[in-house]
Structure formats: structure tokens, C-alpha cells
Amino acid sequence: MAIAAMMFLVMSCGGGNQGPSREDFAAKAAKEYYDSLIGGGYGYFTDGFNGTDSLPHHYREQLVVNAKQYLLTQKKAHQGVKEVRILNAKTDSMTNITNVFLMLCFGDSVNEEIVVPMVEVNGVWKMK
């Protein structure tokens, strides 16, 4: 009986650690894009969307301006976004899209949960 208990402990403590999951990688990428946005990296945030590399330059620039305007609006309404937290991530096995749940924490203590659909493209996680 003691041997069975020891085997159970050995198996449960160290046997199944396989490293970060696809959800972990997707969540980290989504947070990185939003951290970049609140840090003023509007271009990096915009380029984090799948397909932006094939957009005409002027359209991409409009998206960068939209990202900047979003932050200005949040600054006026909620004293800006102060922090981004990862809440969870789940992969839809039918679409292979990983939905990342982030919490945007604003300066006036308002929090907003958002869902960021993520897709892996050539080994790089992109927002959908």
C-alpha cells in the first residue's frame, strides 16, 4: 500500500509537466500586443493583427491612428489603461482559434474584460 502511495506521489509531482501550452503562448502574445499599445507602440499593436502585412500603407496608417485615438478616448473616460492582465485562454478545436481573456485595468479603477481571438501564423501568434 505504501509503495502504491509513493508511486502516485511521484507520478503526480513531476511526471506530466510538458512546458507551456499553446494557450500560454497565445495569452502571452495577446498581452504583449496590448502592453505595447498602452506604451505607445501603435504600429506594433496594429502589426499584431493577422493580415496587416498585406494591407496598403495608407490603410495600415489609418489603423495606427485608430489605435492612438482609442487610447486617447480611454484616457479621457477612465484616466487611461494602466495594466493588462491575463485571465484565461481557451482553444476552439473546430476553428483552431485561441480566445484569450484579458482584463484591462483603467486608472479610475474600472476594469473591463475583453476577448482577443488569436491565431498562429507561421509560428507567430497574431490577433484575428
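We now turn to the structure provided with this report. Throughout, residues of each chain are indexed from 1 in the direction in which the sequence is written. It should be noted that, the model being predicted, local features are given only for residues of pLDDT at least 70 and side-chain atom pairs only at 80 or more, the latter also being counted only at that level, while totals for whole chains, interfaces and linings use all residues. Excluding hydrogens and water, the side-chain values take into account all heavy atoms of the structure.

This brings us to the overall build of the protein chain. Helix and strand definitions follow DSSP, with helices as H or I runs of at least four residues and strands as E runs of at least two, each counted in order from the N terminus. When its secondary structure is counted, the protein chain shows 4 helices and 4 strands. Mapped in sequence order, the helices and strands of the protein chain form the string α-α-α-α-β-β-β-β. Considering the protein chain as a whole, with its 128 residues, one finds that 27% of them fall into the buried category. Once local pairs closer than 6 in sequence are excluded, the contacts in the protein chain between residues at least 24 apart make up 47%. Exposed residues in this analysis have more than 50% of their type's maximum accessible area, buried residues have under 20%, and partly exposed residues fall in between, with area computed by a 1.4 Å probe over protein chains only. Any two residues whose heavy atoms approach within 4.5 Å at even a single point are treated as in contact.

When DSSP finds two or more bridges between two strands, those strands count as paired. Read across the open sheet, the 4 strands follow the order S1-S2-S3-S4; overall the sheet is antiparallel. The strands lining the two open edges of the sheet, one partner per strand, are strand S1 (81-92) and strand S4 (124-127). Across the sheet, the mean angle from the axis of one strand to that of its neighbour is 35°, orientation sign disregarded. With 8 bridges joining them, strand S2 (residues 97-106) and strand S3 (residues 111-121) adopt antiparallel strand pairing. Within S3, the position partnered with Met-103 by the bridge is Glu-113. An axis is simply a line fitted to the C-alpha atoms; with a helix, the fit covers only the stretch in contact. Between two such axes, the angle follows the N-to-C directions and lies from 0 to 180 degrees.

In this section: the packing of aromatic side chains. What counts as a ring pair is set by centres within 6.5 Å for rings of Phe, Tyr and Trp (its six-membered ring), and what kind of pair is set by the plane angle: stacked under 30 degrees, edge-to-face over 60, tilted for all other angles. With the rule as written, the count across this model stands at 3 aromatic pairs. Seen in terms of ring centroids, Tyr-33 and Tyr-44 are 5.5 Å apart; in terms of plane orientation they differ by 40°. Their pairing is tilted. In this pair, Tyr-33 sits in helix H2 (residues 22-38) while Tyr-44 sits in helix H3 (residues 42-47), placing the two residues 11 residues apart along the sequence. Of the residues examined, Tyr-44 reaches a relative accessible area of 39% and is grouped as partly exposed. With a centroid separation of 5.1 Å and 80° between ring planes, the pair formed by Tyr-34 and Phe-45 is classed as edge-to-face. Of this pair, Tyr-34 sits in helix H2 while Phe-45 sits in helix H3, and the two are 11 residues apart along the sequence. As far as burial versus exposure is concerned, Tyr-34 and Phe-45 are alike and both buried. Ring-pair connections join several aromatic residues into one group, and the members of that group are Tyr-34, Phe-45 and Phe-49.

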